[in-house]
Structure formats: structure tokens, C-alpha cells
Amino acid sequence: MDIDTFIQQYRPEWERLEQACAHGSPGLARLSGPQIDDLVRLYLRASTHLAEARTRYADPRLEAYLNRVVSSANRALYGGNNASWRSALRLFGSRYQAAARRTLPYILIAAAIFAAVTVAVDVWVAGSRSAQAGLVPAQFRSVLTHIHGTKRNLGIPSPALSAGIFVNNVYVTIEAFVGGMLLGVGSLAAVVYNAILLGEIGGAYQAAGKAGIFWALILPHGFLELTAICIGAGAGMRIGWSIIAPGDRPRSTALAEEAGDAVFAMLGVIPAFAIAALIEGFITPKGYNSVLAVGLGAVVWLTYLMLIFGLPALRRRRDAALGPEPAEQKQGDLVRASPGL
């Protein structure tokens, strides 16, 4: 499109972004989650428009204006030097929850695939001697020789088993996210592979009559770790889908916008693995009552989900307390700031 059409089509977005960020981070702290979500989207689009203006139109006035709008939005969204810690945390929380909710459909797809494959493989291995001989990893086959034994660890020390699965889950989460660049196929492959591995080990313990021991050992920290894998895979699938189906956006624009949001959503796996490591280090080795340990893990997991995705009732209450969005300022700043556009 020519420069006049370009300006006419996107000027309303630039004006909205400029007006919303006019008061910096303190002004954004008053906005609700959906409003922050909209501003982040406008900021990413304006950044793309600035790059396009530089390479395609070479108009100094347009470039100067967009550079000012993008810089102002960047300072408001990510600077916040004068904002209080409370405002900064509130802004980050709202933005993260919005990004996580936008990625949620992909996360749920990954979780459904993971659960289905794990259960199917677990049942198959538990009931098939040929599957036990051919699928179960060598280091876990000793489990099958302790069917009538009384040893709690079934030949594999509990800390070693737990720590090994923890390290594996960290690697799988990273692989699932990076695999999104392969049109999402890499993300799906990482999910399926890890689900097969978990099902194989769980099936081996079930065949040995020790399924309760295995899941009581894994679930306290596994709730968080498996959720982190699904978040990583969901974020990767979102990136892959933006390449496959960019919609009405240029494929490069869709990839830039969706990847930025997906990377932000991936930040949620950091606290998940940090908390899981604490549970794995201080709860699992102590040999606490299985029901108590799993119950504690479930409570921590549900609290984590509430924090990263937010409860609808709490979001509605927060939005009501913040009040309606401030009235927009009068239009025309773009024309005054950049005459001739």
C-alpha cells in the first residue's frame, strides 16, 4: 500500500497508544487487565509499523512520529523508574495473566494430548509383558523384578528417580517451546515423547503393584512440572500456528506479535520449576504420608494456576474497583505533531 493509505489505516491505533501512554507507568497502573492487554498488542503492532516505515516509505516525519510513539510506549510499559513496586507488580501481573489466558487454548490442547497418551501407554505397559520388555527404559526394568518385594524404592532410590524426572521435565519444557518454530510439530513431539516416557514408567510400577508409591513420589512436584511442560508446548504451538495461519496479518507481523506474547507467557514456568525444586528437595526425600504430600502438591499447584491465569471473579472485582476507562483525549495529536501526514 502507499504511504497515505498506510497512515490512514493505522493512525487510529497509533493515537490510542500515544494517548494511553501519555502519563507513563503510573497511568497504566490504573488500567485493567484487558486494557493492558490491548495496549501491549498496540505497542507490538506499532513497533512493526515503525520497522515497515523505515524500510518501505523512508518518510522522515512518519518515522520520527512512530519512533516517538513506540519509545513512549516502551518507557510506560517496561520502564517505570518512578512507579512504585506495588504498581510495577500489579502491571506485570495483569499483563502476564492476559498473555497466559491468550495462550490457554494451546496449553489445554497440549495438556489433553499429554494426559491421553500417558494414560494409554500406562495401561498398555501395565497389562502387556511384551510392552514391558520392549518399551520400558532399561534403568526402570528392575522395577518389574520386585513385584513381590517390600522395598519401597523397588530397586531405584526415590531421590534419584525424582531428581531424574525433574531434570528431564526441564529439558522437555525448553524443547517443547523451541519446537514451536517447526510449525508447532516440535512442540507436539516433545509432549508426546514425555507422555510416553511417563506412561512407560508408571505402567512398570503398576505392573509391579506399586503404582501408589510411584505417583505419590511424582505428583507432589509433578503437578507443577507437567503444567510447565504444557505451558512451554502451548507457547510453542502458538508460535507455530501464527506461521501456519497468520490471519489478515502479514506472516512476519503475526509471528512477531504472537512470539512476543508467547515468550512472555513462558516466564510462568520459572516459578513453577523453582517451587517444584523446593518440593522435590524438602518434601519428597522426607517420606511424608503419601496423601499429605500429594495434597500439599495439589494445593500449591491450584494456587499457582490461580496466580498465573487469574480467577474470573477476582478479575471482575478488580476491574469494578478500578472504575471505567478514562475518557480518551481529543483526537488530532498525530496531525499536530507531524503536519503533512
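So, here is what we can say about the structure in this document. Predicted model only: the values in this text are computed from it and were never measured. Residue indices follow the written sequence of each chain, beginning from 1 at its first position. For a predicted model such as this one, the threshold for reporting local features is a pLDDT of at least 70, and the threshold for listing and counting side-chain atom pairs is 80 or more; totals across whole chains, interfaces and linings nevertheless cover every residue. Side-chain numbers come from the whole structure's heavy atoms, not from hydrogens or water.

Focus: the packing of aromatic side chains
Pairing of aromatic side chains here covers Phe, Tyr and the six-membered ring of Trp, requires ring centres within 6.5 Å, and sorts the geometry by plane angle: under 30 degrees stacked, over 60 edge-to-face, intermediate tilted. Following the criterion strictly, the structure yields eight aromatic pairs and no others. Consider the rings of F6 and Y57, whose centres lie 4.9 Å apart with planes at 40°: the pair is tilted. Taken together, the residues span a long stretch of sequence, with F6 in helix α1 (residues 3–20) and Y57 in helix α3 (residues 33–57) at a distance of 51 residues. The exposure class assigned to F6 is buried, which follows from its relative accessible area of 0%. Ring geometry for W14 versus Y65: centroids 6.4 Å apart, planes at 55°, classification tilted. Here Y65 lies in helix α4 (residues 60–79) and W14 lies in helix α1, a separation of 51 residues in the sequence. A simple rule labels every residue: compare its accessible area, found with a 1.4 Å probe on the protein chains alone, to the largest value its type can have, and call it buried under 20%, exposed over 50%, or partly exposed in between. Owing to a relative accessible area of 1%, W14 belongs among the buried residues under this scheme. Elements are defined by DSSP. Helices are runs of H or I of four residues or more, strands are runs of E of two residues or more, and each kind is numbered from the N terminus.

Description of the pattern of salt bridges
Two side chains with opposite charge may pair up if their charged atoms get near one another. Salt bridge, as used here, is a side-chain nitrogen of Lys or Arg placed within 4 Å of a carboxyl oxygen of Asp or Glu. With the rule as written, the count across this model stands at 12 salt bridges. As a salt-bridge pair, D38 and R41 come within 2.9 Å of each other at their nearest N and O atoms. Placement of both D38 and R41 in helix α3 is noted, with a separation of three residues, approximately one turn of the helix. Accessibility expressed as a relative area gives 21% for D38, which makes it partly exposed. Among the ionic pairs, R249 bridges to E257, the shortest N-O distance being 2.7 Å. Among the residues examined, E257 registers a relative accessible area of 7% and is labelled buried. What you see here is one network of salt bridges that share partners, running through E13, R45, R102, R238, R249, E257, E258 and D261.

Concerning the packing of helix α8 (residues 185–207) against helix α9 (residues 211–244)
Here the axes come from fitting lines to C-alpha atoms, over the contacting stretch only for helices, and the angles between their N-to-C directions go from 0 to 180 degrees. Running from amino to carboxyl end, α8 crosses α9 at an angle of 175°, the nearest separation of the two axes being 10 Å. One finds that α8 runs roughly antiparallel with respect to α9. Contacts between α8 and α9 involve S187, L188, V191, N194, L198, I201, G202, Y205 and Q206 from the former and A211, F214, W215, L226, I229, A233, G236 and M237 from the latter. For this classification, the nonpolar set comprises Ala, Val, Leu, Ile, Met, Phe, Trp, Tyr, Cys and Pro, the charged set comprises Asp, Glu, Lys and Arg, and every other residue, Gly included, is treated as polar. When grouped by side-chain class, the residues that make up the contact of α8 with α9 number 12 nonpolar, five polar and no charged. Any angle from 65 to 115 degrees is called roughly perpendicular, while one under 35 is roughly parallel, one over 145 is roughly antiparallel, and all others are oblique. We call two residues contacting when some pair of their heavy atoms lies within 4.5 Å.

Remarks on the packing of α9 against helix α11 (residues 269–282)
It is at 8 Å that the axes of α9 and α11 come closest, and there the two elements cross at 160°. Compared by their axis directions, α9 and α11 come out roughly antiparallel. Judged by the twist between their axes, the crossing of α9 over α11 is left-handed. Only V269, A272, F273, I275, A276, I279 and E280 of α11 make contact with α9, whose side of the interface consists of P220, H221, L224, E225, A228, I231 and G232. Partitioning the contact of α9 with α11 into residue classes produces 10 nonpolar, two polar and two charged. Note on convention: near helix rotated counterclockwise from far helix by under a right angle means a left-handed crossing. Clockwise means right-handed.

Quick look at α9
To estimate how far a helix should extend, the number of its residues minus one is multiplied by 1.5 Å. Taking 1.5 Å per residue, 34 residues should reach 50 Å; α9 reaches only 41 Å between its end C-alpha atoms and comes up short. Of all the bends in α9, the largest measures some 60° and sits at G222. Within α9, 28 of the 34 residues are buried, which leaves the element mostly enclosed by the surrounding structure. Consider a residue and the seven residues that end there alongside the seven that start there; fitting an axis to each set, the bend is the angle between those axes.

That is the geometry; function is a separate question.
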